[in-house]
Amino acid sequence: MEKLYDSELRVMEPLWADGPTSAGELAKRLAASCGWNRNTTYTVIKKLVDKGAVSRSEPGFLCTPLISREDVQRLETDSLITRLFDGSKTQFLSAFLSEEQLTQSEAQQLRAIIETWK
């Protein structure tokens, strides 16, 4: 899967939240939320279709997400770790935690995640 850019993620968000949505409805929502015109929305939808992230069907130019938010998060995280941390998840987590103040609850959640992977 190719990288999704910010504009493409703006189109994906309502699709992930609400499922299949007409292009017209997406255009209305994106006009209200970020001031896009219909042509901008349709151009971004076409890019997503070309990337295989969205399918388009008739009637009504219905757009359906073909990838999940979790898949995109995983791909983006892997790409970041590869580019900036030479593929080391340990270096990534160390850098992230050195700047973050975790709450007790967040620290417990991280411990639980690590325990499930052991």
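This write-up is about the structure you can find in this document.

Conventions we followed
- Residues numbered from 1 in each chain as written.
- Predicted model: local features only at pLDDT ≥ 70, side-chain atom pairs only at ≥ 80, totals over all residues.
- Heavy atoms only, no water.
- Patch = residues over 30% accessible without salt bridge, like charges linked within 9 Å, V, L, I, M, F, W, Y side chains within 5 Å.
- Areas by Shrake-Rupley, 256 points an atom, 1.4 Å probe, with all protein chains shown as cover.
- Salt bridge = Lys/Arg side-chain N within 4 Å of Asp/Glu carboxyl O.
- Helix = DSSP H or I, 4+ residues; strand = E, 2+ residues; numbered from the N terminus.
- Axes fitted to C-alpha atoms, helices over the stretch in contact; angles between N-to-C directions.
- Parallel < 35°, antiparallel > 145°, perpendicular 65-115°, else oblique.
- Contact = heavy atoms within 4.5 Å.
- Nonpolar A, V, L, I, M, F, W, Y, C, P; charged D, E, K, R; others polar.
- Left-handed = near helix turned anticlockwise from the far one by under 90°.
- Buried < 20%, exposed > 50% of the residue type's maximum accessible area, 1.4 Å probe, protein only.

1. Looking at a nonpolar patch on the surface
Residues Leu 93, Phe 96, Leu 97, Leu 102 and Ile 114 make up a contiguous nonpolar surface patch of roughly 390 Å² in combined accessible area. In this fold, Phe 96 is placed in helix H5 (residues 89-99).

2. Considering the packing of helix H1 (residues 6-18) against helix H3 (residues 38-51)
At their nearest, the axes of H1 and H3 sit 9 Å apart, and the two run at 90° to each other. Judged by the inter-axis angle, H1 sits roughly perpendicular to H3. For the pair H1 and H3, contact is made by Ser 7, Glu 8, Val 11 and Met 12 and by Val 44, Ile 45, Lys 47, Leu 48 and Lys 51, respectively. Here the residues of the contact of H1 with H3 are counted per class, giving five nonpolar, one polar and three charged.

3. What to know about the packing of helix H2 (residues 23-34) against H3
Relative to each other, H2 and H3 sit at 120°, their axes nearing to 9 Å. As the angle between them shows, H2 and H3 are arranged oblique. Crossing angle aside, the handedness with which H2 passes H3 is right-handed. Of the residues in H3, those in contact with Ala 23, Gly 24, Leu 26, Ala 27 and Leu 30 of H2 are Arg 38, Thr 41, Tyr 42 and Ile 45. Partitioning the contact of H2 with H3 into residue classes produces six nonpolar, two polar and one charged.

4. A closer look at the pattern of salt bridges
If you walk through the whole model with that rule in mind, you get seven salt bridges. The shortest N-O distance in the salt bridge between Lys 3 and Glu 76 comes to 3.2 Å. With Lys 3 in the segment before H1 and Glu 76 in helix H4 (residues 69-85), the pair connects residues that are 73 residues apart, well separated along the chain. Taking the relative accessible area as the measure of exposure, Lys 3 reaches 43% and is therefore partly exposed.

5. Re unusual backbone geometry
Residues apart from glycine generally show negative phi values, whereas peptide bonds are mostly found in trans. Along the chain, Glu 58 connects to Pro 59 via a cis peptide bond; the corresponding omega equals 0°. Even without being glycine, Phe 61 reaches a positive phi, approximately 50°. Note on placement: Phe 61 falls in the loop between strand E2 (54-57) and strand E3 (62-65). You can call Phe 61 buried: its relative accessible area is 17%.

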